[in-house]
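# Close look at the chain arrangement
Chain by chain, the residues run as shown.
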Amino acid sequence: MRAVLLGPPGAGKGTQAARLSERFGVPAISTGDIFRANVKGGTPLGRRAQEYMNAGALVPDEVTNAMVRARLEEDDAAAGFLLDGYPRNPEQAVELDSMLGDLGVALDVAIELTADVDEVTARLLKRAEIEGRADDTEPVIRKRLEVYATSTAPLTAFYAGRGLLVQVDGLGDIDEVTARLVAAVAR
Ligand code: AMP
């Protein structure tokens, strides 16, 4: 399986990506997690990404694309992968095509995990209490939702146009959502 997982912040992408990764035996590659690990480790990449993340903005494409390219070239991604949080804008989607072309492979599916704005905002505020993520404050959540609507949401039309899009309702019980995702991917 070579898949991208789309959906607004707070839709449950991280949780579901981990489950799909296990189910299909492919690595879940979360650009947000890679950035957070680099911020925590104080690496040059982390120092570069941090200010954008704290503001709820996208890290510049050249930084993000290079990081994803290197990750997809690792051995464990050769037989498949699930990208969580990438691509995030049309330029990254085009760059992903180029990376996959260079690797001689192609995407099988783009999964959009749908969820309404009020619901995801409530989830993110709750997550802020539990995980204490620096970007889970109300003004930053608002900004991240805005970035999603403006930059990321158009990707659904991009992938739909190529016959790759499947939409899955992200609301409800976690196990039920996983079952919906598995069914959608196996279609
Ligand atoms: P996430 O964990 O996917 O919500 O990502 C957290 C933050 O990391 C985002 O708000 C961005 O600042 C940054 N980030 C993650 N993925 C990307 C991406 N594909 N392009 C640019 N920035 C990203």
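Report on the accompanying structure. (Residues numbered from 1 in each chain as written. Predicted model: local features only at pLDDT ≥ 70, side-chain atom pairs only at ≥ 80, totals over all residues. Heavy atoms only, no water.)

### Digging into the packing of aromatic side chains
What counts is decided by this rule: In summary, the pairing rule links any two rings of Phe, Tyr or Trp, Trp by its six-membered ring, whose centres are within 6.5 Å, and it sorts them by plane angle into stacked for under 30 degrees, edge-to-face for over 60 and tilted for everything else. Note on geometry: a ring has a charge over it if NZ (lysine) or CZ (arginine) is within 6 Å of the ring centre and within 35 degrees of the ring normal.
Summed over the entire model, instances satisfying the criterion amount to 1 aromatic pair. Their ring planes at 80° and their centres at 5.0 Å tell us that F158 and Y159 sit as a pair that is edge-to-face. Above the face of the F24 ring, R23 is positioned so that its terminal group lies 5.2 Å from the ring centre.

### Some thoughts on the pattern of salt bridges
Condition: Criterion for a salt bridge: a side-chain nitrogen of Lys or Arg within 4 Å of a carboxyl oxygen of Asp or Glu. Summary of the burial criterion: residues with accessible area below 20% of their type's maximum are buried, those above 50% are exposed, and those between are partly exposed, where the area comes from a 1.4 Å probe applied to protein chains only.
A complete count under the given rule lists 14 salt bridges for this structure. Its salt-bridge partner being R144, residue D135 comes within 3.8 Å of it at the nearest N-O pair. As far as the burial class goes, D135 and R144 line up, both buried. What emerges from the salt-bridge pattern is a single network uniting R127, R133, D135, D136 and R144.

### What to know about the packing of helix α6 (residues 117-131) against helix α7 (residues 138-152)
Let me state the cut-off plainly: Lines fitted to C-alpha atoms define the axes here, with helix axes fitted over just the stretch in contact, and angles between the N-to-C directions of these axes take values from 0 to 180 degrees. Helix numbering and strand numbering both begin at the N terminus, where a helix is a DSSP run of H or I of at least 4 residues and a strand a DSSP run of E of at least 2. Any angle that falls under 35 degrees is termed roughly parallel, while one over 145 is termed roughly antiparallel, one within 65 to 115 roughly perpendicular, and all others oblique. Take the far helix as your reference; a near helix turned counterclockwise from it by less than a right angle gives a left-handed crossing, and one turned clockwise gives a right-handed crossing. Any two residues whose heavy atoms approach within 4.5 Å at even a single point are treated as in contact. Note that Gly is not counted as nonpolar here; it falls among the polar residues with everything else outside the nonpolar set of Ala, Val, Leu, Ile, Met, Phe, Trp, Tyr, Cys and Pro and the charged set of Asp, Glu, Lys and Arg.
Contact geometry of α6 with α7 gives a least axis separation of 11 Å together with a crossing angle of 140°. Accordingly, the angle class assigned to the pair α6 and α7 is oblique. The element α6 and its partner α7 pack so that their crossing is right-handed. Taken together, the residues of α7 that come into contact with α6 (itself represented by V117, V120, T121, L124, L125 and R127) are E138, I141, R144 and L145. Split into classes, the residues belonging to the contact of α6 with α7 amount to 6 nonpolar, 1 polar and 3 charged.

### With respect to the packing of helix α1 (residues 13-24) against helix α9 (residues 174-185)
The N-to-C vectors of α1 and α9 enclose an angle of 55°; their axes lie 10 Å apart at closest approach. Judged by the inter-axis angle, α1 sits oblique to α9. In the packing of α1 onto α9, the handedness of the crossing is right-handed. Residue-level inspection shows T15, Q16, R19, L20, R23 and F24 of α1 in contact with α9, the latter providing I174, D175, V177, T178, L181, V182 and V185.

### Notes on the site of the ligand
Stated precisely, the cut-off is as follows: Whether a residue is near a molecule or strand depends on its heavy atoms: it is near if one of them lies within 4 Å of it. Two N or O atoms form a polar contact when they lie within 3.5 Å of each other; inside protein one atom must be a possible hydrogen donor and the other a possible acceptor, and for residues adjacent in sequence the pair counts only when both atoms belong to side chains. A 1.4 Å probe and the Shrake-Rupley method give the accessible areas. Residues count as covered only by the protein chains that appear here.
Every one of the 16 residues lining the ligand counts as a neighbour, but T31, R36, A57, G85 and Q92 are closest to it. Between A57 and the ligand, the recorded distance is 2.6 Å, taken from a backbone N or O atom to an oxygen atom. At 3.0 Å from an oxygen atom of the ligand is found a side-chain nitrogen or oxygen belonging to R88. When isolated, the ligand has an accessible area of 480 Å², and the protein chains bury 95% of it. Ranked by residues supplied to the shell around the ligand, first place goes to helix α2 (residues 31-41) with 4 residues. By residue class, the composition of the shell around the ligand is 6 nonpolar, 5 polar and 5 charged.

### Here we look at the pairing of strand β3 (residues 81-84)
For clarity, the cut-off: Whether two strands pair comes down to DSSP finding at least two bridges between them.
Burial along β3 is two-sided: F81 and L83 and L82 and D84, pointing in opposite directions, are all buried. Note that strand β1 (residues 2-6) and β3 share 4 bridges and pair parallel. From the neighbouring strand, V4 faces β3, where its bridge partner is L83. As paired strands, strand β2 (residues 28-30) and β3 are joined by 3 bridges and run parallel to one another. Bridging from a neighbouring strand, I29 pairs with L83 of β3.

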